[in-house]
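A look at the structure
One letter stands for each residue in the lines below.
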Amino acid sequence: MSDISRSRDDSASKSKRPALTAFKQQQLRAWQPILTPLPVIITFLVIGIIFIPIGVVLLVASNSVVEYTQRYDDICSNARNGTNSTACSVSINVTQTMQRPVFLYYRLDNFYQNHRRYVRSRDDAQLRGDPIASVGDLVDCDPYISANGSQDINNAYFPCGLIAASFFNDTIALSVQNSGADTPINLRKNGIAWPSDVTKKFGNTPPNQKGIRGPVNNTDEDFIVWMRTAGLPNFKKLYRIIDQDLNPGNYTFAINDNFPVASFSGRKYVVISTVSWIGGKNPFLGWAFIAVGIVCFVQGVAFAIKHKISPRKLGDTKYLDWNK
């Protein structure tokens, strides 16, 4: 008899039945809102009343940004005329004063920096300046690790990876025409990259590191900006900062056209722009708030009219008992 009771106790202890508590039996008291017409109508109207003014403010801020864009890859291609020269120039006619700081960007279209294999092709330890002992430590840079796939550390690329290998290497200088002569405008490079990237994510390669050195250092801010990949195929990246006002006039960009885009049907632009408290020119955000606000407000009014003309009789919520 004792053996039978012992087996029953063992089977009870091994049971998967949850303990008889309110939490484990999912019997905790809960509150669930009952969506009656009046709260729904008020919610839609409040959302509309809040979103529409916010959208207007964002749109006004975006429209206050002064921005000029000029494509140059086609102009530079025509300027070569079969020669090996990479030098060309484009002009932008500024019609309204651009208050400092003014930001100079390059823009690329149809360049997919967000491709999975491209994004993964980098080695963060190498970019931080950590010593690399063997080619095997750089597998994250596949397929651009070393010359001819060599396993010799002397043939490893520094920096390695597809992002580094496709570094944007066009150069841009800016001048303005004054009294028939071109006056150069100072372009500041310091400060174009995120401070956290400069101080924490990128460091110089050790001087005694074996391998093939690239044309640019890991701490070059142009390189750091390029290594922060874009999420869309059409993007712009900060190139320089102009610490002076740009008055109306004709501005010339002297460009060394080194970065090829014809193979992937890409396009290159120079962009000069001011910023507002919300950043650069982005009318989409303002219009999105306005559109959502209008839709909610119209729905709220429509529901109110419908409820006023032909209200629907509701049941008495006091008969709802969730404990049964």
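What you see is a predicted model, and the numbers here were worked out from it, not measured in a lab. (Residues numbered from 1 in each chain as written. Predicted model: local features only at pLDDT ≥ 70, side-chain atom pairs only at ≥ 80, totals over all residues. Heavy atoms only, no water.)

What follows deals with the pattern of salt bridges. Summed over all chains, the structure comprises 16 salt bridges. One salt bridge connects E67 with K236, and the closest N-O pair in it is separated by 3.3 Å. On the criterion of sequence distance, the pair formed by E67 in strand 1 (residues 67-71) and K236 in strand 8 (residues 235-242) is long-range, its members being 169 residues apart. For E67, a relative accessible area of 29% corresponds to the partly exposed category. In this structure, D170 engages K268 in a salt bridge whose closest nitrogen and oxygen atoms are separated by 2.7 Å. Separated by 98 residues along the polypeptide, D170 in the loop between helix 6 (162-165) and strand 5 (171-178) and K268 in strand 10 (residues 267-273) bring together distant segments of the chain. Note on accessibility: D170 and K268 belong to one class, buried. Overlapping salt bridges bring together K189, D220, D222 and R240 as one network. (Salt bridge = Lys/Arg side-chain N within 4 Å of Asp/Glu carboxyl O. Helix = DSSP H or I, 4+ residues; strand = E, 2+ residues; numbered from the N terminus. Buried < 20%, exposed > 50% of the residue type's maximum accessible area, 1.4 Å probe, protein only.)

Before going further, it helps to spend a moment on the pairing of strand 8. With seven of its eight residues buried, strand 8 lies for the most part within the structure. When strand 3 (residues 102-109) meets strand 8, the two strands line up antiparallel, connected through seven bridges. Its bridge partner lying in strand 8, L104 is registered against R240. (Pairing = 2+ DSSP bridges.)

Turning our eyes to something else, we now look at the nonpolar core. In this structure, W226, F253 and I272 are the most contacted members of the largest nonpolar core, which totals 51 residues. Mapped onto this core, the elements with two or more residues apiece are strand 2 (87-94), strand 3, helix 6, strand 5, helix 8 (221-227), strand 8, strand 9 (249-256) and strand 10. Element by element, the count of residues in this core is highest for strand 3, at six residues. Those residues in contact with I272, other than ones at most four positions away along the chain, are V66, E67, Y68, I92, V94, M98, V102, F103, L104, L246 and F253. Judged by nonpolar contacts, the second largest core, of 11 residues, contains C141, I145, A156 and Y157. (Core = buried A, V, L, I, M, F, W, Y, C linked by side-chain atoms within 4.5 Å. Contact = heavy atoms within 4.5 Å.)

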